[in-house]
Amino acid sequence: MAEYRDLQDLLFGYAAGELPPALSILVASHLTLAPESRQEVERLEAVGGAMLEGLDAVTSPMDMSASLAAVLDRLDDPEPDAAPPATSDRGDPALPQPLRQRLGMKLSEIPWRRVGPLGEYRLDDAEGNETIRLLRIPAGRAMPAHTHVGTEATLVLRGGFSDASGHYGRGDLAVVDEATNHQPVADPDEDCICLAVSTGHVRLTGALGRMLNPFIKF
Amino acid sequence: MLYQPAVAAENASVPVVLLSMGNVTQGKRPSGRPDPQFADLMDAVARSQDRDAFSRLFAHFGPRVRAYLIRAGAPVQTAEELMQEVMLTVWRRAALFDRRKAAVSTWIFTIARNKRVDSIRRESRAELDPNDPALVPPADETADTLVERAQATKRLNAAVKDLPEEQLEVLRRSYFDEESHSTIAADLGLPLGTVKSRLRLALNRLRAAMEEKA
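Figured I'd write up the structure that's included with this text. (Residues numbered from 1 in each chain as written. Chains lettered and ligands numbered in written order. Predicted model: local features only at pLDDT ≥ 70, side-chain atom pairs only at ≥ 80, totals over all residues. Heavy atoms only, no water.)

## Some remarks on the sheet that holds strand E8 (residues 185–186) of chain A
Residues and elements named next belong to chain A. Across the sheet, three strands lie side by side as E6-E5-E8; this open sheet has antiparallel pairing. Edge strands, defined here as strands with exactly one partner in the open sheet, are strand E6 (166–168) and E8. One ladder, built from three bridges, connects strand E5 (residues 161–163) with E6; its direction is antiparallel. If you follow serine 162 over to E6, its bridge partner there is histidine 167. (Pairing = 2+ DSSP bridges. Helix = DSSP H or I, 4+ residues; strand = E, 2+ residues; numbered from the N terminus.)

## Some words on the interface of chain B and chain A
Of the residues lining the interface, 78 residues belong to chain B; the matching set on chain A comes to 70 residues. Surface buried jointly by chain B and chain A totals about 6500 Å² across both partners, of which 57% is contributed by carbon and sulfur atoms. Secondary structure elements with two or more residues in the side of chain B that touches chain A: helix H3 (51–71), helix H4 (76–92), helix H5 (104–120), helix H6 (146–162), helix H7 (165–176), helix H8 (181–188) and helix H9 (192–211) of chain B. Per-element tally for the side of chain B that touches chain A: the top contributor is H3 of chain B, with 13 residues. Of the residues assigned to the side of chain B that touches chain A, the class counts are 37 nonpolar, 19 polar and 22 charged. (Contact = heavy atoms within 4.5 Å. Buried area = accessible area lost by both parts, 1.4 Å probe. Nonpolar A, V, L, I, M, F, W, Y, C, P; charged D, E, K, R; others polar.)

## A short note on the pattern of salt bridges
Residue and element names in this part refer to chain B. Counted according to the given criterion, the structure contains 31 salt bridges over all chains. As a salt-bridge pair, glutamate 178 and arginine 121 come within 3.4 Å of each other at their nearest N and O atoms. Residue glutamate 178 is located in the loop between H7 and H8, and its partner arginine 121 is located in the loop between H5 and H6; the two are separated by 57 residues in the primary sequence. As far as the burial class goes, glutamate 178 and arginine 121 line up, both buried. One network of salt bridges, with partners in common, ties together Glu165, Glu169, Arg172, Arg173, Glu179 and Asp187. (Salt bridge = Lys/Arg side-chain N within 4 Å of Asp/Glu carboxyl O. Buried < 20%, exposed > 50% of the residue type's maximum accessible area, 1.4 Å probe, protein only.)

As structure tokens, then:
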């Protein structure tokens, strides 16, 4: 599943474990800020569990007992790596952990690159044709009108913006595809800071395609 | 044998739900026991490192996790090794399992899914941190009771069983296979929109089943 047209697609991709890394940062950050989406992911994971139940592998008991014996033997082995890293205290406490950890600095410390009226800061997690970046739209300003090749998912981290589809505040995630010509306008009271992931052009999936992705640049 | 389902006899009053969607061929014994029993086994593992309880969980979930990893593209031998690692994680993290939050099948699904991303796709997966100070809590935090959770799981499993095969197939492929919806559509000889609407219909039915109050 490599087409993410809306929020539901992204939540499904996250629950099924199929999102590329940049989108998983975006969605995990959104989930931190959006309890309803978190609940939806829990439901989708429950469906995944029910589907796992249905995956009834044809296995002989003999086959499984060798496997079980091997695992029982290892139960007392020391755990190879300890628990996952504790919540990072570096970075900006206002940022969700998945992004805070990745960014490692405060929003006020970001070396914004000016692109027209916008500030842009690229994170380098993108694989293939994805880009992941922070965007700053000055208060009350409009982003230049644009369309997308592929889709762009935008998570509001501070402030808010409006476009033809409505208003988006902190924690909201907007997904637009190439059919949409959208022109987000930042709320008048403060700069709007967003995390945006674009998936453009061709992204190959499947075992072979994934190996080829690093070699294909458009 | 170490992992015969002795629990079934103790819980004769609990109806045994057959949780199948493909061909269930696990000999004479029922392939699925109601989840509360798995939750009891998890508790036994967490509280007293009960190896017998673990063995029963292994007998049920081991083959399923392995089938899941094979379906996600792992060669058989790799899937076997990864499945063993998943089950070791179940043993080591048993204390983190909370039966009020999820069914055992859900919890093990998430561990297997993360293993698939890390080891088969070799990608890093950003995870939600439940202890994040930035976490926005739900507006009304009414946790399910144990009974409600167990019943929701039962309803969900029954609803999966009742799905029309055409929806189930799309659901299965969407959860398990490394394929885009367009590929699924091409394989099934269907328009993309039909694939997406089948997935949506299936999820709506299952969501409704989970939320229905007794």
